[in-house]
Number of protein chains: 2
Amino acid sequence: MQIERREIIRELLGTKPFISLDELGRMFPDVSEMTLRRDIEYFEETGEAIKVRGGCRSVGFITAKPDDRVSERLKENVGTKRAIAKAAAEFLETGRSIFVDSGSTMRSFVEHVPGKRFSFTTTDPAVALELCKDGMSAVNMVGGRLESDNQTVTGLQATRFLSDINIDVAFLAPSGYSEESGFSVGNFNECELKRIVVDKAKVVVMLIDSSKFGKSLPYTFCTAENVDVIVTDSGVPETIVKHASLCGTKIVIADAPAEEKK
Amino acid sequence: MQIERREIIRELLGTKPFISLDELGRMFPDVSEMTLRRDIEYFEETGEAIKVRGGCRSVGFITAKPDDRVSERLKENVGTKRAIAKAAAEFLETGRSIFVDSGSTMRSFVEHVPGKRFSFTTTDPAVALELCKDGMSAVNMVGGRLESDNQTVTGLQATRFLSDINIDVAFLAPSGYSEESGFSVGNFNECELKRIVVDKAKVVVMLIDSSKFGKSLPYTFCTAENVDVIVTDSGVPETIVKHASLCGTKIVIADAPAEEKK
DNA sequence: GAAATAATGTTAATTTCTCACACGAAATTC
DNA sequence: GAATTTCGTGTGAGAAATTAACATTATTTC
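Residues numbered from 1 in each chain as written. Chains lettered and ligands numbered in written order. Predicted model: local features only at pLDDT ≥ 70, side-chain atom pairs only at ≥ 80, totals over all residues.

**Quick notes on the packing of helix α8 (residues 156-163) of chain B against helix α9 (residues 188-200) of chain B**
Residues and elements named next belong to chain B.
No. 1: Following both chains from N to C, one finds α8 and α9 inclined at 5 degrees, their axes separated by 10 Å at the closest point. Between α8 and α9, the angle is such that the two are roughly parallel. For the pair α8 and α9, contact is made by A158, T159 and L162 and by L193, I196, V197 and K200, respectively.
No. 2: Looking at the contact of α8 with α9, its residues break down into 5 nonpolar, 1 polar and 1 charged. (Axes fitted to C-alpha atoms, helices over the stretch in contact; angles between N-to-C directions. Helix = DSSP H or I, 4+ residues; strand = E, 2+ residues; numbered from the N terminus. Parallel < 35°, antiparallel > 145°, perpendicular 65-115°, else oblique. Contact = placed C-beta atoms within 7 Å. Nonpolar A, V, L, I, M, F, W, Y, C, P; charged D, E, K, R; others polar.)

**Quick notes on the interface of chain B and chain A**
No. 1: Counting residues at the interface gives 42 residues for chain B and 45 residues for chain A.
No. 2: Among the secondary structure elements, those contributing two or more residues to the side of chain B that touches chain A are α1 (2-15), β2 (49-52), β3 (55-58), α4 (68-75), α7 (125-132), β6 (138-141), β7 (144-146) and α8 of chain B.
No. 3: Tallied by class, residues from the side of chain B that touches chain A come to 22 nonpolar, 12 polar and 8 charged.
No. 4: Relative to β6 of chain B, strand β7 (residues 144-146) of chain A runs antiparallel, the two being bridged by 3 bridges. The residue bridging L146 of chain A from the neighbouring strand is V139 of chain B, located in β6 of chain B. (Pairing = 2+ DSSP bridges.)

**Some points on the sheet that holds strand β11 (residues 182-185) of chain A**
Residue and element names in this part refer to chain A.
No. 1: A sheet is described by the order of its strands in space; here 3 strands give the open sequence β10-β11-β13, paired in antiparallel fashion. With partners counted over all chains shown, the strands left at the sheet margins are β10 (176-178) and β13 (219-222), one partner each. With strand direction ignored, the average angle separating the axes of adjacent strands in the sheet is 40 degrees.
No. 2: Lying on the sheet, helix α9 (residues 188-200) is in contact with β11 and β13; it crosses β13 at an angle near 10 degrees.

**Some words on the protein's contact with DNA strand D**
No. 1: Every residue near DNA strand D is listed here: Q2, V31, S32, M34, T35, R38 and R53 of chain A together with L21, M34, R37, R53 and G54 of chain B.
No. 2: When residues of the surface near DNA strand D are traced back to their parent elements, those giving at least two are α3 (33-46) of chain A together with α3 (33-46) of chain B.
No. 3: The element best represented in the surface near DNA strand D is α3 of chain A, accounting for 3 residues.
No. 4: The class makeup of the residues in the surface near DNA strand D is 4 nonpolar, 4 polar and 4 charged. (Near = placed C-beta within 6 Å.)

**Description of the pairing of strand β15 (residues 250-253) of chain A**
No. 1: Bridge count for strand β14 (residues 229-232) of chain A against β15 of chain A is 4 bridges, and the pairing is parallel. By the bridge assignment for β15 of chain A, V229 of chain A is matched with K250 of chain A.

**Focus: the nonpolar core**
No. 1: Counting residues in each nonpolar core, the largest one holds 143 residues, and the members touching the most others are A170, F171, M206 and L207 of chain A together with A170, F171 and M206 of chain B.
No. 2: If you tally residues by element for this core, the top one is α7 of chain B, at 6 residues.
No. 3: Setting aside residues up to four positions removed in sequence, M206 of chain B forms contacts with L172, P174, F183, V227, V229, I230 and V231 of chain B. (Core = buried A, V, L, I, M, F, W, Y, C linked by C-beta atoms within 7 Å. Buried ≥ 20, exposed ≤ 12 C-beta atoms within 10 Å, placed from the backbone.)

**Some points on the domain arrangement of chain A**
No. 1: Here chain A is partitioned into domain 1 (2-61) and domain 2 (71-253).
No. 2: The distance between the C-alpha centroids of domain 1 of chain A and domain 2 of chain A comes to 42 Å. (Domains from an automatic or database assignment.)

**Comments concerning the protein's contact with DNA strand C**
No. 1: Lining the immediate surroundings of DNA strand C are L21, M34, R37, R53 and G54 of chain A together with Q2, D30, V31, S32, M34, T35 and R53 of chain B.
No. 2: Elements with a minimum of two residues in the surface near DNA strand C: α3 of chain A together with α3 of chain B.
No. 3: Of the residues belonging to the surface near DNA strand C, the class tally is 4 nonpolar, 4 polar and 4 charged.

**Some remarks on the environment of G14 of chain A**
Residue and element names in this part refer to chain A.
No. 1: Mapped onto the elements, G14 comes out in the loop between α1 (2-13) and β1 (18-20).
No. 2: A count of 12 C-beta atoms within 10 Å places G14 in the exposed class.
No. 3: For the pair G14 and V59, spaced 45 residues apart in sequence, the C-alpha to C-alpha distance is 9.1 Å.

**Thoughts on the sheet that holds β1 of chain A**
In a beta sheet, neighbouring strands are held together by backbone hydrogen bonds and run either parallel or antiparallel to one another.
Residues and elements named next belong to chain A.
No. 1: The sheet built from 3 strands is open, its strands ordered β1-β3-β2 with antiparallel pairing. Taken across any chain shown, the strands that pair with only one partner, and hence form the sheet edges, are β1 and β2 (49-52). Looking at each pair of strands side by side, their axes are set apart by 25 degrees on average, direction ignored.
No. 2: Relative to strand β3 (residues 55-58), β1 runs antiparallel, the two sharing 3 bridges. Paired with S20 across the bridge in β3 is G55.

**What about the environment of Y177 of chain B?**
Residue and element names in this part refer to chain B.
No. 1: With respect to the element layout, Y177 can be found in strand β10 (residues 176-178).
No. 2: What makes Y177 buried here is the crowd of 26 C-beta atoms within 10 Å.
No. 3: Put simply, Y177 and S216 are 39 residues apart on the chain and 5.8 Å apart in space, counted from C-alpha to C-alpha.

Structure, rendered in structure tokens:
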């Protein structure tokens, strides 16, 4: 019986970090390997396990190490992100054509857009939905292939789409920045698109929290020379501030209010 | 150099939940696949990633929240909309180009799409986001002006976008249907777009609950002759069933199960 | 500069996985 | 209660992906 079997496996998942297919095979000699594979697939779908070669691993035993910056960043930077978003919103200009990048930083950003008449263009469906909520602004959704990784639109269609529009102010969020590599991301298509945007925009505003400084991802889409404003928090290294001023780039430092505790 | 490369991969692990070997191969064309495998192995050893078929997953993105998806699935209300959506999902064809309309009916519809490989195109950002969640299908977001009242993409850009793609099966949701006026909506641009879709699609499937029968909105985008399948519930008037069969349109009646179970 | 060590490349063998289809039992529908 | 559909399962071929063993090239160390 399927339900019983899966219940047993589920319990096993609670006691062991890894279960091999062989093991399951020995445990349930009456069912075929394929069935057990499908069971594992099921647990992968429910998010309880992760399929690996030869079996599966129980997510309950997967611990993000304390030095893991990812989980830290996901949780702790909310306040900072919001502060950055707020500060960046100052650079919005009524009636101009504004490009808004994709990603969690930008999703936070659009929540702070004042209810005025703007003309937005974006590559992020979630951003587009948020922006068109108030009904004040015109919202242009860039068409193209939607990547499941980063939920952004890219590809030939997107490129073509962008070539047809003008951009006055562009708000972008890189995944990393270093003096040597400039502003970079981890996805080639995403990089291509951002490059076009930077190229077309009259004013480029970067939203980047300080945890991303000193990092270089594989694909660089522009350098400080191309950027007008960098909005970040107080964790920005001094060397980067200096370098930016040499390039004529303004740096805006926005910190989360000390008493912000939700 | 190994250290640099691994540092880059480490950064990437911080931005993406999954990295494929192909991806790494494209990123570092100068090293062999084997080297990248060894890199992944290294990250598995440090506990930063988990080796899975085709690449690796970043532990930072693995969230252990038990029963979340399971309980959700069990809670799902088995309503008419779900029944219609489920019945309509039968007309999905793996590997074909599928168009999905905008609106709440379609948002419900995409929740019932089986996790197979499809190629989707849609005018609804929320639909697009949902579809790309599982990462199985290719999702094309139609670009253009996003209307705030119905949250659908329309306009010249959208038209042009659609003209570039082929549609095998189109799933559409009209706002009203009557024998005299056919399938209609309340927005001119929306109508224009749907008309194009109907025109291009080899198979047209309409999702329409019976409350919409007998209604005619200002803009008609097609008639029963153009439609291959109508999926609705048992409230459909007899006259409409007759008329449909005259036009060679198949009617699928999907009702919610009488008794709720599980 | 030579030996030692580490990093990477190459290839073949093996294993695992996926896919497509078939089958029977249970549930549903008429 | 018969027919149909759905669901869980089995099978086997074929296509990956992974491993392992060995060859080769950098890098370090003395």
